[in-house]
Amino acid sequence: MVAVLLAGAALSLKSQTSSPKAQAPNLKIEKGIASYYGKKATGRKTSNGERLHHDSLTCAHRTHKFGTLLKVYNPHNQRWVVVRVTDRGPFGRGRVVDLSWKAAQMLGILRRGIAPVEMTVYDPAVEGPPPPADSIPPVQY
């Protein structure tokens, strides 16, 4: 009986001390085409009531809650950026996200206007804080 109690206490202690970083996150990868808002959209009201600014790291997504952080990855150049959902859309066929101009610049998709991307929900508790926007140099054309 004492052995069972000790084993139960050890299991309880182990589950309390394991860090969230040690546990594998449940990642759902969404793949599709990203587009972006042009600079002319600056000042437009988004669906959550904020004003859009082209230098913000924000995006539009059809289903994620406002405020959700998404990690958007461009597989063609291995660049990624973390953006916050502030708007609804895109509603174009095959599009999964509309990015702010700054986020599109950081991903290197300004020239083409669209690019295939992969997205996951970004959890700062597991992955740490996102890097500052100016730490990833923009693509030179």
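In this report, we go over the structure that sits alongside the text. Bear in mind the structure is a predicted one, so any value in this text is a computation, not a measurement.

Criteria and cut-off values
- Residues numbered from 1 in each chain as written.
- Predicted model: local features only at pLDDT ≥ 70, side-chain atom pairs only at ≥ 80, totals over all residues.
- Heavy atoms only, no water.
- Core = buried A, V, L, I, M, F, W, Y, C linked by side-chain atoms within 4.5 Å.
- Buried < 20%, exposed > 50% of the residue type's maximum accessible area, 1.4 Å probe, protein only.
- Helix = DSSP H or I, 4+ residues; strand = E, 2+ residues; numbered from the N terminus.
- Contact = heavy atoms within 4.5 Å.
- Pairing = 2+ DSSP bridges.
- Axes fitted to C-alpha atoms, helices over the stretch in contact; angles between N-to-C directions.
- Phe/Tyr/Trp six-rings, centres within 6.5 Å; stacked < 30°, edge-to-face > 60°.
- Lys NZ or Arg CZ within 6 Å of the ring centre and 35° of its normal.

Points about the nonpolar core
Next up, step 1: Membership of the largest hydrophobic core comes to 20 residues, with the highest contact counts inside it found for Val72, Val83, Val97 and Leu99.
Next up, step 2: Residue assignment for this core shows that the elements contributing at least two residues are strand S3 (69–74), strand S4 (79–87), strand S5 (95–99), helix H2 (101–107) and strand S6 (115–121).
Next up, step 3: For this core, the element with the most residues is H2, which contributes five residues.
Next up, step 4: Discounting residues that sit within four places of it in the chain, Leu99 has contacts with Ala34, Ser35, Tyr36, Tyr37, Thr58, Cys59, Val72, Val83, Ala104, Leu107 and Ile109.

Things to note about the pairing of S4
Moving residue by residue along a regular strand, the side chains alternate between the two faces of the sheet.
Next up, step 1: The buried fraction of S4 is high, at seven of nine residues.
Next up, step 2: One ladder, built from three bridges, connects strand S2 (residues 58–60) with S4; its direction is parallel. Within S4, the position partnered with Thr58 by the bridge is Arg84.
Next up, step 3: Pairing geometry for S3 and S4, over six bridges, is antiparallel. Paired with Leu70 across the bridge in S4 is Val83.

Comments concerning the pairing of S3
Next up, step 1: Burial of the side chains of S3 is restricted to one face: Leu70, Val72 and Asn74 are buried, whereas none of Leu69, Lys71 and Tyr73 on the reverse face is.
Next up, step 2: The sheet contact formed by S3 and S6 spans four bridges and is antiparallel. In the strand pairing of S6, Lys71 is matched with Thr120.

Brief notes about the sheet that holds S2
Whenever strands of a sheet pair, they do so through backbone hydrogen bonds, lying parallel or antiparallel.
Next up, step 1: Taken in spatial order, the six strands line up as S1-S5-S2-S4-S3-S6 and close into a barrel, and their pairing is mixed. Direction aside, the axes of adjacent strands within the sheet are offset by 45 degrees on average.
Next up, step 2: Sheet topology places strand S1 (residues 30–36) next to S6; five bridges connect them, and they run antiparallel. For Ile33, the partnering residue across the bridge sits in S6 and is Pro116.

Structural notes on the packing of aromatic side chains
Next up, step 1: Tallied over the full model, the rule gives zero aromatic pairs.
Next up, step 2: Positioned above the aromatic ring of Trp80, the side-chain terminus of Lys71 is 4.3 Å from the ring centre.

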